[in-house]
Amino acid sequence: MFISSSLRWLIGPHNLAVTAAAVLVLLASPAALTQQHSTLAEAAQLGHHLQPRLGRTVDNVADSIVSPDGSALPEGSGTAAIGEGVYRARCSACHGPVGAQKGNSLVGGIGSLATGKPFKSIGSYWPYATTLFDYIARAMPYGQEKSLTANEVYALTAYLLHLNGIVGAQQVVDKDRLPVISMPNRDGFIELHR
Amino acid sequence: MTGSDKRLPEQGGLLARRSLLKATTVGIAGGFLLPTQAAETVPLWSTHSGSAQSEYGERSAFVQDQRQVQFGNPYGPQAGVSYTPLATLNGSITPNSLHFERHHSGIPAIDPSLHSLTIYGDVKRAVRFSVDDLRAYPLESHCYFLECSGNSYLNTLPRAQDLSVQAIHGLLSGSEWTGVPLRYLLDEAGLDSRARWIVAEGADASGHTRSLPIDLARDKVMVALYQNGEVLRPAQGYPMRLFVPGSEGNVSVKWLHKIKVQQTPAYSREETSKYTDLLKNGKAEMFSFAMQVKSVITSPSGAMVLQRRGIYEVSGLAWSGAGSIRGVEVSADGGQSWVAATLQSQGGDRALTRFRIPWRWQGHGAVLQSRATDSAGNIQPSREMALARYSAAGFYHYNGIQSWAVDPQGVVKNVYI
């Protein structure tokens, strides 16, 4: 394993100087050794300029990050009315019959954040509706992650937004409509970036 | 204070005392001690060959410190934490077996031959690296602390919890991390002009996802492959993890397998609904990556009992996400007077720094505290100051001064003053 890595490093197309140094070592004349040493010293100074560059170009990477602009949202759609059934089958065991299981609640608390008893839920705290799709698709249901279809995730997203009073029961949620849904706490954050 | 206590090690702790008692019991039960005066007894282990060398080492059977495991809620037991036993460890490196853990959906069993790192998005070409590829890059090794953003949150509760330093502050560890500087890999992909953020994604079942500004990602961030000289353990991200020095542990994405480069953050669940700091006015701070200057006395500390009067070494750890530790002061009178402690492993950027100072205990009540100052001049705040801006529901990034009260019986307790 180590040898194959080393060989790839030596013969990589982007490392002509290093390859040349290796050839000089093979020749093993005193002059060549001197040059080899100076090449190593130079390499130490140049640091990151001498990398093996082993990354293979890949096309069509599956984009798995759903951001607020809706990038990576798949085709498909759902409504809260459909989502209610999916929720009962796949989510209610942990989150309760209507998303209000204590300790695992997904609803309530709108207007509570500045009080002495703030409650963070999807409705009261989450700034973007796209985050719901992203998180459900990657991390839910707990123990059966990534088992939901795109339609099921859209429907569950619609249902949870509906439980929080954000969309109607028949409102269709899809890749065009989800990014434009306005969340109550959209302006509740100060980004520090440090 | 009694005769038997003379056998206690100088850094007395209940765990160490139990170990010694057990050693004595085993000897007697085995019936190997000669019926001579104790001082002339030849220990059993001095009279015959010990066990043979082995492929993989184990610690002494008399050393029993363990992580304290807290499972997630009943619906997700693997989404829990385990706390490093800070009171019984020393120096500034945490053994890998005792490094704290926080997982969001358990520890995946990754086959490294089937795992890779892909960088895609706003780059000139998407690139993929195998684990072996990354091991062939120029590597860097640095000692850094890793602290969970929620570490010490118990001290934000209204009442002081009578718990150990492990239970309160044990989501903190220090290691030498070795890996590939992330900027090498980002530059190999080639950032395009829209690139402002990276979004790192783990291969665990939770698909843990965090966004980082590109400038931070190109600074000291590495794709770590080794911890304290050995290949990463599964609980720490085997075969590769992101490591973001000085930042809340949550952004050092374990089991790293994809990095998307894009113009905005992802605003993932872990950086919006969690790991944001709610203020009293109802607004919340987001992308508050850096852990603030902090220290804690690990001995004497909560749940310990001082067994004798006399000289003790007060010892603890200090760290800061803003740089190195410039100094640590210790108070034994609840903050009325402060004395500079001796720093060891001094000058480590974003590393744990061990501090020590001798202390004479004469059997009176005392309150031990430590206060760290970092290389940027930040001074660790009091509990009151640390909590001043934050909501009762905002328990991340707490860095207030820890107070350990010692009563006349030697019992050490967590207190608020």
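Positions within a chain are numbered from 1, following the residues in the order the chain's sequence is written. The lettering of chains begins at A and the numbering of ligands begins at 1, in the order of writing. Reporting of local features is limited, given that this is a predicted model, to residues whose pLDDT is at least 70; pairs of side-chain atoms are given and counted only at 80 or more, and all residues count toward the totals for whole chains, interfaces and linings. Calculation of side-chain values draws on the structure's entire complement of heavy atoms; hydrogens and water are dropped beforehand.

### Some thoughts on the overall build of chain B
The helix count covers DSSP runs of H or I at least four residues long, the strand count covers runs of E at least two residues long, and both are numbered beginning at the N terminus. Scanning chain B from terminus to terminus reveals seven helices and 24 strands. Throughout, the radius of gyration refers to the C-alpha atoms, and the reference size of a globule is 2.2 Å times the residue count to the power 0.38. Relative to a compact globule of 417 residues, whose C-alpha radius of gyration would be 22 Å, chain B shows 24 Å and is just as compact. Any two residues whose heavy atoms approach within 4.5 Å are treated as being in contact. Look at the contacts in chain B between residues 6 or more apart in sequence, and 71% of them connect residues 24 or more apart. Surface exposure of chain B reaches about 17,700 Å², of which carbon and sulfur atoms provide 54%. Positive and negative charge centroids in chain B, built from 40 and 35 side chains respectively, lie 5 Å apart. Method for areas: the Shrake-Rupley scheme with a 1.4 Å probe, in which residue coverage is limited to the protein chains shown. The charged-residue count follows a simple rule in which Lys and Arg add positive charge and Asp and Glu add negative charge, with His and chain termini not counted at all. Here the site of a charge means atom NZ of a Lys, CZ of an Arg, CG of an Asp or CD of a Glu.

### Observations concerning the environment of Asp349 of chain B
Residue and element names in this part refer to chain B. As for its position among the elements, Asp349 is in the loop between strand S20 (342–343) and strand S21 (353–361). Here's how the labels work: a residue is buried when its accessible area is under 20% of the maximum for its type, exposed when over 50%, partly exposed in between, all with a 1.4 Å probe on protein chains only. Classification of Asp349 as partly exposed rests on a relative accessible area of 29%. It is 8.5 Å that separates the C-alpha atoms of Asp349 and Gly321, two residues lying 28 residues apart in sequence. Each polar contact in these results corresponds to two N or O atoms within 3.5 Å; when the atoms are within protein, one needs to be able to donate a hydrogen and the other to accept it, and residues that are neighboring in sequence are counted only if both atoms are side-chain atoms. A polar contact is formed between the side chain of Asp349 and the side chain of Arg350, at a distance of 3.2 Å.

### Regarding the sheet that holds strand S4 (residues 189–191) of chain A
In this analysis, strands are considered paired if DSSP registers two or more bridges between them. Reading across from one edge, S4(A)-S15(B)-S14(B) is the order of the three strands in this open sheet, with mixed pairing throughout. The two strands at the open ends of the sheet, each matched to only one other strand, are S4 of chain A together with strand S14 (277–278) of chain B. Examined bridge by bridge, S4 of chain A and strand S15 (residues 284–286) of chain B share three bridges and lie parallel to one another. The partner of Glu191 of chain A across the bridge, within S15 of chain B, is Met286 of chain B.

### Considerations on the side chain of Thr276 of chain B
Counting through the fold element by element, Thr276 of chain B comes out in the loop between helix H6 (269–272) and S14. Since its relative accessible area comes to 0%, Thr276 of chain B is described here as buried. In terms of polar contacts, Thr276 of chain B uses its side chain to reach the side chain of Tyr125 of chain A, at 2.7 Å. Among the polar contacts listed, one links the side chain of Thr276 of chain B to the backbone oxygen of Thr272 of chain B, at a separation of 2.8 Å.

### Focus: the environment of Trp319 of chain B
All names here are of chain B. Its place among the elements puts Trp319 in strand S17 (residues 310–319). The class of Trp319 is buried, set by a relative accessible area of 0%. Expressed as a C-alpha distance, the spacing of Trp319 and Met291, which sit 28 residues apart in the sequence, is 8.8 Å. Those residues in contact with Trp319 that sit more than four places away from it in its chain are Phe145, Glu147, Leu172, Gln292, Val293, Lys294, Ser295, Val296, Ile325, Ala351 and Leu352. A distance of 2.8 Å separates the side chain of Trp319 from the side chain of Glu147, its partner in a polar contact.

### Some remarks on the interface of chain B and chain A
When the parts of a complex come together, some accessible area is lost, and that lost area is often used as the size of the interface. Taken together, the contacts link 64 residues of chain B with 52 residues of chain A. With both chains or domains summed, chain B and chain A bury close to 4,800 Å², and 53% of this area falls on carbon and sulfur atoms. Among the residues of chain B in contact with chain A, Tyr75, Tyr267 and Arg269 of chain B are the three that bury the most area, contributing 14% of the side total. Here, a salt bridge means any side-chain nitrogen of Lys or Arg that lies within 4 Å of a carboxyl oxygen of Asp or Glu. The interface formed by chain B and chain A includes three salt bridges. The salt bridge partner of Arg56 of chain A is Asp133 of chain B, with a shortest N-O separation of 2.9 Å. Charged means Asp, Glu, Lys or Arg here, nonpolar means Ala, Val, Leu, Ile, Met, Phe, Trp, Tyr, Cys or Pro, and polar covers whatever is left, Gly included. A class-by-class count of the residues in the side of chain B that touches chain A yields 27 nonpolar, 22 polar and 15 charged. Strand direction decides the pairing type here: strand S1 (residues 56–57) of chain A and strand S5 (residues 127–130) of chain B, joined by two bridges, are antiparallel. Bridge pairing in S5 of chain B links Thr57 of chain A to Val127 of chain B. By buried area we mean the combined loss of accessible area, with a 1.4 Å probe, across both parts when two parts are placed together.

### Regarding the sheet that holds S5 of chain B
Taken in spatial order, the six strands of this open sheet run S1(A)-S5(B)-S4(B)-S13(B)-S8(B)-S9(B), and their pairing is mixed. Strand pairing shows two members of the sheet lacking a second neighbour, S1 of chain A together with strand S9 (209–213) of chain B, which therefore form its edges.

### Observations regarding the confidence of the model for chain A
On average, residues of chain A score 84 in pLDDT, and 75% of them are at 70 or above. In the predicted structure, residues 1–28 of chain A sits below a pLDDT of 50 and forms 25 contacts with residues beyond four places in sequence or in another chain. The quantity called pLDDT is the predictor's confidence in a given residue, expressed from 0 to 100.

### Digging into the nonpolar core
Counting residues in each nonpolar core, the largest one holds 74 residues, and the members touching the most others are Ile119, Leu134, Leu182, Leu185, Ile198 and Leu242 of chain B. Of the residues forming this core, the biggest block, seven residues, is contributed by helix H8 (residues 150–163) of chain A. The contacts of Leu185 of chain B, once residues within four sequence positions are left out, are Leu117, Ile119, Phe129, Leu134, Tyr137, Val180 and Val223 of chain B. Among the nonpolar cores identified, the runner-up in size contains 33 residues, and Ile297, Leu317, Ile325 and Trp359 of chain B belong to it. Among buried residues, those of type Ala, Val, Leu, Ile, Met, Phe, Trp, Tyr and Cys that are joined through side-chain atoms within 4.5 Å constitute a nonpolar core.

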